[in-house]
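Chain by chain, the residues:
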Amino acid sequence: MKILRWLIFDADGTLFNYEAAEEIALGRTFRAFSIPDTLQNHELYRKFNSALWDRFELGLVTSVKLRELRFERLLKAIGIDADPQALSTRYLQELGNLAPLLPGAREIVAELAPDYGLVLATNGISDVQRRRLALSGLERFFEAVVISDEIGVAKPHGAYFDELFRRIGEPSRRRAMIIGDKLSSDIAGGVRAGIRTCWFNPSGEACSDEIQPEFEISDFRGLRAILRRIELG
Ligand SMILES: [Mg+2]
């Protein structure tokens, strides 16, 4: 019997090239509303967006509020009068049509699916993530897809992982490993939930003192090596 049975993949920044999708969707949205499609405006948006997602993980803002607030803050910062709600709607439409994958993501998912139960675990907006997953062609490889927006709780919270495990029949948590790019949601959540953790860190970020992943990889070759190591004991 395999030691590991379940592999829980984060979506954005782990399998999906979220940065590329975001850049294209944002550019299209800006141009549709006559907002200068400049690097500076993209960076400003990313700054507001990332600060709001941090607050979301802490439970300080809802995902519905976040969607609009990030554009409200951007518009205020650049002094443009437009409807943040309309921008948000357009952006999510554009984003849902874009599902570029990171190098090797398709191959690793197809390769592992016969041997493991694969779960997609994402903090995201339901219809956007569902559309992107369908577009990517990866949907059929996953036994469960757990989207924070659909269950009302997000990674890193224990209740998110409780629901995820409920959906796959409550296997032993030591037989599961989460693979994700974000320490504060994927790894912190995994550690707290008592599952094995693998930090996907392609850009070589420094690890934090408080959150220690069991494994760290910079690409999917690294994941194959870890899986072999675990099975060999
Ligand atoms: Mg991620």
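Rules used in this analysis
Residues numbered from 1 in each chain as written. Predicted model: local features only at pLDDT ≥ 70, side-chain atom pairs only at ≥ 80, totals over all residues. Heavy atoms only, no water. Axes fitted to C-alpha atoms, helices over the stretch in contact; angles between N-to-C directions. Helix = DSSP H or I, 4+ residues; strand = E, 2+ residues; numbered from the N terminus. Parallel < 35°, antiparallel > 145°, perpendicular 65-115°, else oblique. Contact = heavy atoms within 4.5 Å. Nonpolar A, V, L, I, M, F, W, Y, C, P; charged D, E, K, R; others polar. Domains from an automatic or database assignment. Buried area = accessible area lost by both parts, 1.4 Å probe. Salt bridge = Lys/Arg side-chain N within 4 Å of Asp/Glu carboxyl O. Phe/Tyr/Trp six-rings, centres within 6.5 Å; stacked < 30°, edge-to-face > 60°. Lys NZ or Arg CZ within 6 Å of the ring centre and 35° of its normal. Donors = N, O, S within 2.8 Å, 3.2 Å for Na, K, Ca; no water. Buried < 20%, exposed > 50% of the residue type's maximum accessible area, 1.4 Å probe, protein only. Pairing = 2+ DSSP bridges.

### Overview of the packing of helix α5 (residues 105-112) against helix α10 (residues 220-232)
Piece 1. For the pair α5 and α10, interaxial distance at closest approach is 10 Å and the crossing angle is 25°. Overall, the two elements α5 and α10 adopt an arrangement that is roughly parallel. Each of Ala105, Ile108, Glu111 and Leu112 in α5 lies in contact with α10, whose residues at this interface are Phe220, Leu223, Arg224 and Leu227.
Piece 2. When its residues are assigned to classes, the contact of α5 with α10 shows 6 nonpolar, no polar and 2 charged.

### Comments concerning the domain arrangement of the protein chain
When the parts of a complex come together, some accessible area is lost, and that lost area is often used as the size of the interface.
Piece 1. Its domain assignment divides the protein chain into domain 1 (6-16 + 101-232) and domain 2 (18-96).
Piece 2. Taking the mean C-alpha position of each, domain 1 and domain 2 sit 25 Å from one another.
Piece 3. Contact with domain 1, which involves 19 residues of that partner, is made by 13 residues of domain 2.
Piece 4. A per-residue breakdown of the area domain 1 buries against domain 2 is headed by Ile125, Arg131 and Arg132, which together make up 37% of the total.
Piece 5. Summed over the shared surface of domain 1 and domain 2, the number is 3 salt bridges.
Piece 6. Linking Asp54 and Lys182 is a salt bridge whose minimum nitrogen-to-oxygen distance equals 3.4 Å.

### Topic: the environment of Ser63
Piece 1. Relative to the helices and strands, Ser63 resides in helix α3 (residues 63-78).
Piece 2. Each C-alpha atom of the pair Ser63 and Gly152 lies 9.4 Å from the other, and the pair is 89 residues apart in sequence.
Piece 3. Here Ser63 is in contact with Phe56 and Asp149, once residues within four sequence places are set aside.

### A closer look at the packing of aromatic side chains
Piece 1. Evaluation of the coordinates by the stated rule reveals 6 aromatic pairs.
Piece 2. Relative to Phe56, the ring of Trp53 has its centre 5.1 Å away and its plane inclined at 80°; by these criteria the two rings are edge-to-face. Here Trp53 and its partner Phe56 are both found in helix α2 (residues 39-57), 3 residues apart, which amounts to about one turn of the helix.
Piece 3. Residue placement shows Arg173 over the ring face of Phe165; its charged tip is 4.5 Å from the ring centre.

### A closer look at the coordination of the magnesium ion
Ideal geometry at a metal centre: 109.5 degrees between donors when four sit tetrahedrally, and 90 or 180 degrees when six sit octahedrally.
Piece 1. Donor atoms from the polypeptide that coordinate the magnesium ion comprise Asp10 (OD), Asp12 (O) and Asp181 (OD), at 2.1 to 2.2 Å from the metal.
Piece 2. Counting the intervening residues between successive donors of the magnesium ion yields the motif D-x1-D-x168-D. A residue pair is termed long-range when its members are at least 10 positions apart, and Asp10 in strand β1 (residues 6-10) and Asp181 in the loop between β4 (176-180) and α9 (183-193) qualify at 171 residues.
Piece 3. The exposure class assigned to Asp10 is buried, which follows from its relative accessible area of 6%.

### What about the sheet that holds strand β3 (residues 144-147)?
Piece 1. Pairing in this open sheet of 6 strands is parallel, and the strands run β3-β2-β1-β4-β5-β6 from one edge to the other. Looking along the sheet, the strands with just one partner apiece sit at the ends: β3 and β6 (215-217). For this sheet, the mean angle separating the axes of adjacent strands, direction not counted, is 20°.
Piece 2. The sheet contact formed by β4 and strand β5 (residues 196-200) spans 4 bridges and is parallel. Bridging across to β5, Ile178 finds its partner in Thr197.
Piece 3. Along the sheet, helix α6 (residues 126-136) contacts β2 (117-122) and β3; its crossing angle with β3, the most-contacted strand, is approximately 150°.

### A few points about the pairing of β2
It is a general feature of regular strands that their side chains alternate between the two faces of the sheet.
Piece 1. In terms of burial, β2 is largely enclosed, as 6 of its 6 residues are buried.
Piece 2. The side-chain alternation of β2 yields two buried faces, one formed by Gly117, Val119 and Ala121 and the other by Leu118, Leu120 and Thr122.
Piece 3. Bridge count for β1 against β2 is 5 bridges, and the pairing is parallel. Within the sheet, the bridge partner assigned to Leu7 lies in β2 and is Leu118.
Piece 4. For β2 and β3, the ladder comprises 4 bridges, and the chain directions are parallel.

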